[in-house]
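Commentary on secondary and tertiary structure
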Amino acid sequence: MSVHRMAVLAATAAAVALPLLSAPSATAAPTVAPASTSYSCPGKPLPYKVHGTNAVTIRSKATTKSTAVGILYKSHKFTVHKTTKGRTWLYITDKNTKKKGWVSGKYVYRDVRMCLD
């Protein structure tokens, strides 16, 4: 190994070790502030949201062949009134546009969170 390489390695090792040697010793376990969330566990389920796309078509019936009555954008808040069996379609009211109709359960569903002890 060349003298130049040895000097570079020694300088690098010293630069890495210096912060470790000068760090104060730990006297107590660090405290962790609890995350600030509006969701508590257990409790109410999370709200429905649009996932996987920026917008979903609101339809007059629970089928893709029915008339489109509006668009539910990802940023809009909405209320779910009822669902079909298997939650393949959800009857909603868009709180921004006041449109009511059916949206696909492929794109509108609740987030799932787990509670860990």
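Let me begin by describing the structure that accompanies this report. Every chain is numbered independently, its residues counted from 1 as its sequence is written. Selection of residues for local features in this predicted model requires a pLDDT of at least 70, selection of side-chain atom pairs for listing and counting requires 80 or more, and totals for whole chains, interfaces and linings are taken over all residues. By convention in this description, side-chain values take in all heavy atoms of the structure and omit both hydrogens and water.

1. Notes on the overall build of the protein
- Secondary structure is summarised from DSSP: a helix means a run of H or I of at least four residues, a strand means a run of E of at least two, and numbering begins at the N terminus for each. Counting secondary structure elements, the protein contains one helix and seven strands.
- Going from the N terminus to the C terminus, the protein shows its helices and strands as α-β-β-β-β-β-β-β.
- Across the 117 residues of the protein, 20% fall into the buried class.
- By definition in these notes, contact holds between two residues if any of their heavy atoms fall within 4.5 Å. In the protein, the proportion of contacts linking residues at least 24 apart, taken out of those at least 6 apart, comes to 41%. Accessibility here uses a 1.4 Å probe with only protein chains present; expressed as a share of the type maximum, an area under 20% marks a residue as buried, one over 50% as exposed, and anything in between as partly exposed.

2. Quick notes on the nonpolar core
- Within this scheme, the nonpolar core is defined by two criteria: the residues are buried Ala, Val, Leu, Ile, Met, Phe, Trp, Tyr or Cys, and they are joined through side-chain atoms within 4.5 Å. Among the nonpolar cores identified, the biggest contains 10 residues, and these are Tyr48, Val50, Val56, Ile58, Leu72, Phe78, Leu90, Ile92, Val103 and Val108.
- Elements with a minimum of two residues in this core: β1 (48-50), β2 (55-59) and β5 (89-94).
- With near-sequence residues (within four places) excluded, Leu90 lies in contact with Tyr48, Val80, Lys82, Thr83, Gly101, Trp102, Val103, Ser104, Gly105 and Val108.

3. Things to note about the packing of aromatic side chains
- Two aromatic rings, drawn from Phe, Tyr or Trp (for Trp, its six-membered ring), form a pair once their centres lie within 6.5 Å of each other, and the interplanar angle then sorts them: stacked below 30 degrees, edge-to-face above 60, tilted otherwise. This model, assessed by the stated rule, comprises one aromatic pair.
- Note on geometry: a ring has a charge over it if NZ (lysine) or CZ (arginine) is within 6 Å of the ring centre and within 35 degrees of the ring normal. The ring of Tyr91 carries Lys82 above its face, with NZ or CZ at 5.6 Å from the centroid.

4. Regarding a positive patch on the surface
- Only residues whose relative accessible area exceeds 30% and that take part in no salt bridge are eligible for patches, with like-charged residues grouped when within 9 Å of each other and nonpolar side chains (Val, Leu, Ile, Met, Phe, Trp, Tyr) grouped when within 5 Å. Accessible surface is estimated by sampling points in the Shrake-Rupley manner with a 1.4 Å probe; for residues, cover comes only from the protein chains shown. Think of a salt bridge as a Lys or Arg side-chain nitrogen and an Asp or Glu carboxyl oxygen that are within 4 Å of each other. This count recognises Lys and Arg as positive and Asp and Glu as negative, with His and chain-terminal groups excluded. A single reference atom marks each charge: NZ on Lys, CZ on Arg, CG on Asp, CD on Glu. Taken together, the side chains of Lys49, Lys77, Lys95, Lys98 and Arg113 present a region of like positive charge at the surface.
- Within the fold, Lys77 resides in the loop between β3 (68-73) and β4 (78-83).

5. Some words on the side chain of Ser104
- Note that Ser104 resides in strand β6 (residues 100-104).
- N or O atoms closer than or at 3.5 Å make up a polar contact, with two conditions inside protein: a donor-capable atom paired with an acceptor-capable one, and, for residues adjacent in sequence, both atoms drawn from side chains. Within the local environment of Ser104, its side chain forms a polar contact with the backbone nitrogen of Lys106, the two atoms lying 3.1 Å apart.
- Setting aside anything within four residues of it in sequence, one finds Ser104 in contact with Val56, Thr88, Trp89 and Leu90.

6. A closer look at the layout of surface pockets
- Roughly 280 Å³ of volume is contained in the largest pocket.
- Here the term cavity refers to a set of points on a 1 Å grid, laid over the protein atoms alone, in which a 1.4 Å probe fits but cannot get out; the term pocket refers to an open set having protein on both sides within 12 Å along at least five of seven lines, with lining residues being those that place an atom within 4 Å of a point. Lining the largest pocket are 14 residues, with Pro47, Tyr48, Lys49, His76 and Lys77 positioned closest to its centre.
- When residues of the lining of the largest pocket are traced back to their parent elements, those giving at least two are β1 and β4.
- In terms of residue class, the lining of the largest pocket is made up of six nonpolar, three polar and five charged. Grid points are joined across faces, edges and corners, and a volume is the space filled by probe spheres set on the points. Charged means Asp, Glu, Lys or Arg here, nonpolar means Ala, Val, Leu, Ile, Met, Phe, Trp, Tyr, Cys or Pro, and polar covers whatever is left, Gly included.

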